[in-house]
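In case you want the letters, here they are:
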Amino acid sequence: MTKKNLWIVAGLMLMTGLVLYASCHRFLCSREIGVSEKSMPSPVVVEQYARKTVYGELGGVPVEIPSLFAEYVEHDGDPGWSEKIAEPQSARERGAKLASFGFSIRYPDMVGKDSPAHLADYKNRKIGSTTWIRVGINSARMYSGSGSIGRLAENSLNRMLSTSSRPPYQYKKLSYKQYGLNVYVPKGFDAENNVPYRKHKDAEDVFVGVDSDGGVISYIKCSNRPIESAPCEHHFDLEPKMHADVSVSYRRGMLSEWREIQESVTRVVLNFSVTKNN
């Protein structure tokens, strides 16, 4: 082999070695942090879980939210699935507007998954008897504005009470209240089996809470399925202290405590305020 050929072979071996080293280094780095390159999370997700506290502005109020109470955080300006990040991550550390987030909390003591005992209790909960509830918050671009719960109730009831609505989605208002709530239920009977539409597998009762002036303060829908885990979805807002609305999910068996649940969740969210002037 000529001297020239030896140099060519040596060069190729060196290049091969460098490529193998780079590949192994990237593989080992990925193994070291416990993920593969293909499963690396997006910058938004990395940022969310890399810090202990979420800072921002919630409904016009500066807040600091412990990470265990800030799941699936979304800020104004966060990208969709196929969009690029609108601004550097560091620009969203403080003062950025929170668009939505959620958390699970246990009623009535209002503790989160903030200790091994509480986390174990959450994991071992029974859906037919649990008092863990799920809370979702919308503000900024995700918020429909002051009076949104009243508009939700008005628009929903106009549609449900309309004679043009088809069963089991045509409703009537009951003459009595339940737990202090106005009650609306599917009306009529199924002609095929003479079973009330209120017992239809997809039927829901609707409950509306109003204040002393008649303003809507709560809008609640509950499944009519005859099971202990039948869910309710409870909507209210935090006006005027925060420009945000709240949705809470819990078992229908907890509906009698709707007012206490609303007040307890409100206190928890308002206590995220940095100033604590609640």
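So, a few notes on the structure that sits alongside this text. Note that this is a predicted model, so its numbers are computed, not measured.

**Regarding unusual backbone geometry**
Peptide bonds are mostly trans, and most non-glycine residues show a negative phi. Following Tyr 107, the chain continues to Pro 108 via a peptide bond in cis, the omega torsion being 5°. Within the secondary structure layout, Pro 108 lies in the loop between β4 (98-106) and α3 (116-123). Here the amide bond leading from Glu 239 into Pro 240 is cis, since omega sits at 0°, within 30 degrees of zero. Here Pro 240 is to be found in the loop between β10 (231-237) and β11 (244-251). In this model, Tyr 72 sits at a positive phi of 55°, which is unusual for a non-glycine residue. For Tyr 72, the position within the fold is in strand β3 (residues 71-75). According to the relative accessible area criterion, Tyr 72 is exposed, its value standing at 64%.

**Some points on helix α5 (residues 258-270)**
A rise of 1.5 Å per residue sets the reference length of α5, with its 13 residues, at 18 Å; its end C-alpha atoms lie 18 Å apart and thus fit the reference within 8%. Buried within α5 are the following residues: Trp 258, Ile 261, Gln 262, Ser 264, Val 265, Val 268, Val 269 and Leu 270.

**Looking at the environment of Ser 104**
Structurally, Ser 104 can be placed in strand β4. Taking the C-alpha atoms as reference, Ser 104 lies 5.7 Å from Ile 133; in sequence the two are 29 residues apart. Every residue in contact with Ser 104, bar those within four places of it in the chain, is listed here: Glu 71, Gly 112, Lys 113, Tyr 122, Trp 132, Ile 133 and Arg 134. A polar side-chain atom of Ser 104 sits 3.1 Å from a polar atom in the side chain of Arg 134.

**Topic: the sheet that holds strand β7 (residues 182-186)**
Strand order in the open sheet formed by 9 strands is β3-β4-β5-β11-β10-β9-β8-β7-β6, and the pairing between neighbours is antiparallel. The strands lining the two open edges of the sheet, one partner per strand, are β3 and β6 (171-173). Recorded for the sheet is a direction-independent mean angle of 20° between the axes of neighbouring strands. Most of the contacts of α5 go to strand β9 (residues 216-223), to which it runs at about 115°, and overall it touches β4, β5 (132-139), β8 (204-210), β9, β10 and β11.

**Considering the side chain of Lys 113**
Checked against the element boundaries, Lys 113 lands in the loop between β4 and α3. A residue is classified by how much of its surface remains accessible, and Lys 113, at 17% relative accessible area, is buried. Contacts of Lys 113, omitting those with residues within four sequence positions, involve Leu 68, Glu 71, Ser 104, His 118, Leu 119, Tyr 122 and Trp 132.

**Considerations on the environment of Gly 77**
Here Gly 77 lies in the loop between β3 and β4. Residue Gly 77 is classed as partly exposed on the basis of its relative accessible area, which comes to 35%. Measuring from C-alpha to C-alpha, the distance between Gly 77 and Lys 97 comes to 8.7 Å, with 20 residues separating the pair along the chain.

**Regarding the nonpolar core**
Formed by 41 residues in total, the largest nonpolar core has its most connected members in Ile 133, Tyr 250 and Val 265. Looking at which element gives the most residues to this core, the answer is α5, with 6 residues. When sequence neighbours within four positions are dropped, the list of residues in contact with Val 265 reads Met 110, Ile 133, Val 135, Phe 236, Val 246 and Val 248.

**Here we look at the state of the cysteines**
The final tally for this structure, using the stated rule, is 1 disulfide. At a sulfur-sulfur separation of 1.9 Å, the disulfide partner of Cys 222 is Cys 232. Because the sign of the S-S torsion sets the handedness, a value of about 110° for the bond joining Cys 222 and Cys 232 places this disulfide among the right-handed ones. Of the two residues, Cys 222 sits in strand β9 while Cys 232 sits in strand β10, which places them 10 residues apart along the sequence. Accessibility classification places Cys 222 together with Cys 232 in one group, the buried group.

**Digging into the packing of aromatic side chains**
Evaluation of the coordinates by the stated rule reveals 6 aromatic pairs. With centroids separated by 5.4 Å and ring planes inclined at 70°, the aromatic side chains of Phe 69 and Phe 103 adopt a geometry described as edge-to-face. Taken as a pair, Phe 69 in the loop between β2 (61-66) and β3 and Phe 103 in strand β4 lie far apart in primary sequence, 34 residues in all. Judged by relative accessible area, Phe 69 falls into the buried class, the value being 11%. Among the residues examined, Phe 103 registers a relative accessible area of 1% and is labelled buried. Seen from their ring centres, Phe 103 and Phe 272 are 6.1 Å apart, and the 85° between their planes marks the pair as edge-to-face. Taken as a pair, Phe 103 in strand β4 and Phe 272 in the segment after α5 lie far apart in primary sequence, 169 residues in all. Since its relative accessible area comes to 6%, Phe 272 is described here as buried. In this structure an aromatic cluster arises from ring pairing among Phe 69, Phe 101, Phe 103 and Phe 272. Its guanidinium or amino end placed over the ring of Tyr 122, Lys 113 lies 4.4 Å from that ring's centre, counting from NZ or CZ.

What counts, and at which threshold
Residues numbered from 1 in each chain as written. Predicted model: local features only at pLDDT ≥ 70, side-chain atom pairs only at ≥ 80, totals over all residues. Heavy atoms only, no water. Helix = DSSP H or I, 4+ residues; strand = E, 2+ residues; numbered from the N terminus. Buried < 20%, exposed > 50% of the residue type's maximum accessible area, 1.4 Å probe, protein only. Expected span 1.5 Å × (residues − 1). Contact = heavy atoms within 4.5 Å. Polar contact = N/O pair within 3.5 Å; in protein donor to acceptor, adjacent residues only side chain to side chain. Pairing = 2+ DSSP bridges. Axes fitted to C-alpha atoms, helices over the stretch in contact; angles between N-to-C directions. Core = buried A, V, L, I, M, F, W, Y, C linked by side-chain atoms within 4.5 Å. Disulfide = S-S within 2.5 Å. Phe/Tyr/Trp six-rings, centres within 6.5 Å; stacked < 30°, edge-to-face > 60°. Lys NZ or Arg CZ within 6 Å of the ring centre and 35° of its normal.

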